[in-house]
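Summary of structural features
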Amino acid sequence: LNGTILADRLRAFRDNPPDLRRHMVGWASGNCQEHRAQIFRALQRASNRGWREGRVDELGRDGAVHALGACEHNVRWSSSDEYPPRGTKPWELYKDYRWVLALENSAEPGYVTEKLVNAMASGAVPVYYGDSRAARKVFKRGTFVDVLEIWRLKGHVPGDPEVPGSPPTEADWDVIADYVVAIDRDPDLYAKFFAHSNALNEEPESEVYDDAVKFEIGVDYPNEPFPQIDRPVGEQIGPDSGATREAVWRLRDLFRKKLEEQDAWELRRANGAAQKAPARGGGLAAKH
C-alpha cells in the first residue's frame, strides 16, 4: 500500500470502530509518575460520575478505565499474563479502548516522543499531555485531546495559584477527565476527532494558533535528541537551536511504519483464518 493510504488514520481502527470498543480508557506504562497517576485516577472518578460504575450502554460499552502496565495496574492482560507481552503492537494493545493516555514525562518545549504516535496508531483517541504545539507539527489539531489547550479554552490555569509554576493539581486533572467523559457519552462529539481521514499535518510550519504564534523552522523548537546532556537547555530552545524538520519527519515516518506493520499483521491474521476454515463445496474459503 502506498504512503497516502498508510497515512489514512481510519485504517488504524478499521476492524474495531468506536461502537465495538467496549472499554473507555486504556493506558500501559511502567514509568510511574505523579501526574500520570493523577489523570488516571481523575478519569476513574469522572467515569463513576458519568457512567455510574458497572453500567453498560445499549451497544455493550462501559466506562472502564484500565491500567494495563505496572503503573496503577488494575486489570490483567489475559488469564495467563498479568501484563501485555513486550512488543505488543498498539492496535492489539488498545483495540478494545476508545481513549488512550499519551503522557509525556513533562511539557518541556519541543519534547515529543513516540507516546502520541503509538496512541494514534491504535485507532483510539489519544489524551495527550506534553508540548502540544510541537505535537501538532506531526498531527493535526482536533485529532487528539490536547490537555494544555483544553485548560486554556476553559480559562483554567493549572497548578497551585499561590505557587507560580507548580505542577497540575488533582482538581486540574478533574477538568480534563470530565471533558473526556462528556465526549465519550456523546457519539457525535466523539466522531469529530475522526473528521480528518489523514491525521498527519503535512504543513506544520503554516499553522496559526489563537495567540497568533506560528511555527517557523529553526525557531523555538529544538532538534532531536532533546535535551542534549552536554549543552545548556537555553541554547537548545532558542532561534539558533537548529531546524525541527528532521524530528518532525522521524515521528511522521514512525507513524506510517506502524500502520504498515498493522497491515501485515491483519494480512497474516486473515490468511491464517482462511487456511483454518473448512472448504465448502470443494472450493477455497473466501477471504474478506
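Report on the accompanying structure. (Residues numbered from 1 in each chain as written. Predicted model: local features only at pLDDT ≥ 70, side-chain atom pairs only at ≥ 80, totals over all residues. Heavy atoms only, no water.)

As for the state of the cysteines
- Scanning all chains against the criterion turns up one disulfide.
- Covalently, Cys32 is tied to Cys71 through a disulfide, its sulfur atoms 2.1 Å apart. Disulfide Cys32 to Cys71: torsion about the S-S bond roughly -100°, handedness left-handed. One end of the pair, Cys32, is in the loop between strand S1 (23-27) and helix H2 (34-50); the other, Cys71, is in the loop between strand S2 (65-67) and helix H3 (90-93), and 39 residues separate them in sequence.
- Judged by its relative accessible area of 2%, Cys71 is buried. (Disulfide = S-S within 2.5 Å. Helix = DSSP H or I, 4+ residues; strand = E, 2+ residues; numbered from the N terminus. Buried < 20%, exposed > 50% of the residue type's maximum accessible area, 1.4 Å probe, protein only.)

Examining the nonpolar core
- With 31 residues, the main nonpolar core has Ile39, Leu43, Trp99, Leu101, Val127, Trp173 and Ile176 as its most contacted residues.
- For this core, the secondary structure elements donating two or more residues are S1, H2, S2, strand S3 (97-103), strand S4 (125-129), helix H6 (147-153) and helix H7 (170-184).
- Looking at this core, the element that brings in the most residues is H7, giving six residues.
- Ignoring anything within four residues of it in the chain, the contact list for Val127 reads Ile39, Trp99, Val100, Leu101, Ala102, Leu103, Val145, Val147, Ile176 and Val180. (Core = buried A, V, L, I, M, F, W, Y, C linked by side-chain atoms within 4.5 Å. Contact = heavy atoms within 4.5 Å.)

Read these as layout, nothing more, since geometry by itself doesn't imply function.
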